[in-house]
Amino acid sequence: MSASSVVVGIDVAKAHVDVAVLGAQFEPRRFDNEAEAHSALAAALKPLDVALVVMEATGGYETALVCALQAAGL
């Protein structure tokens, strides 16, 4: 990973996810933790050329989001 790599950090809760990005212009934002918002998040991140996405394991609340981001190629 180079010094200019884009890294995404996601804090996962039951009702929402908070997203911050290092290395690109992206204001921290909150998305609902549901399928439509997962798609919106993936669409927002796709143009950023993301090198790494990190999130915590939260007893399963992260599972659908992980699958959506992986399916989007992130």
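Placed above this text is the structure.
Because the structure is predicted, anything quoted here is derived from the model rather than measured.

K.L.:
Explain the pattern of salt bridges to me, please; I cannot follow it from the model alone.
P.N.:
Where side chains of opposite charge bring their charged atoms close, a pairing between them can arise. One pass over the structure, following the stated rule, counts one salt bridge. With a closest N to O distance of 2.6 Å, Arg30 and Asp18 form a salt bridge. Note that Arg30 is positioned in strand 3 (residues 29-32) and Asp18 in strand 2 (residues 16-22), a separation of twelve residues in sequence. On the basis of relative accessibility, which here comes to 54%, the residue Arg30 falls in the exposed class. Residue classification places Asp18 among the partly exposed positions, given a relative accessible area of 24%.

K.L.:
Would you mind showing me how to read the packing of aromatic side chains here?
P.N.:
Geometry of an aromatic ring pair is reported as the spacing of the ring centres plus the angle between the planes. The tally for this structure, following the rule as stated, stands at zero aromatic pairs. It is Arg29 that lies over the ring of Phe26; its NZ or CZ is 4.2 Å from the centre.

K.L.:
Mind showing me how you'd approach the nonpolar core here?
P.N.:
Most often, soluble globular proteins have nonpolar side chains that are buried together. By size, the foremost hydrophobic cluster in this structure holds 17 residues, and its most contacted members are Ile10, Val17, Val19, Leu41 and Leu45. Going through the elements one at a time, strand 1 (6-12), strand 2, helix 1 (35-45) and helix 2 (63-71) are the ones with two or more residues in this core. Residue contacts for Leu41: discarding those within four places in its chain leaves Ile10, Val17, Val19, Phe31, Leu65 and Leu69.

What counts as what
- Residues numbered from 1 in each chain as written.
- Predicted model: local features only at pLDDT ≥ 70, side-chain atom pairs only at ≥ 80, totals over all residues.
- Heavy atoms only, no water.
- Salt bridge = Lys/Arg side-chain N within 4 Å of Asp/Glu carboxyl O.
- Helix = DSSP H or I, 4+ residues; strand = E, 2+ residues; numbered from the N terminus.
- Buried < 20%, exposed > 50% of the residue type's maximum accessible area, 1.4 Å probe, protein only.
- Phe/Tyr/Trp six-rings, centres within 6.5 Å; stacked < 30°, edge-to-face > 60°.
- Lys NZ or Arg CZ within 6 Å of the ring centre and 35° of its normal.
- Core = buried A, V, L, I, M, F, W, Y, C linked by side-chain atoms within 4.5 Å.
- Contact = heavy atoms within 4.5 Å.

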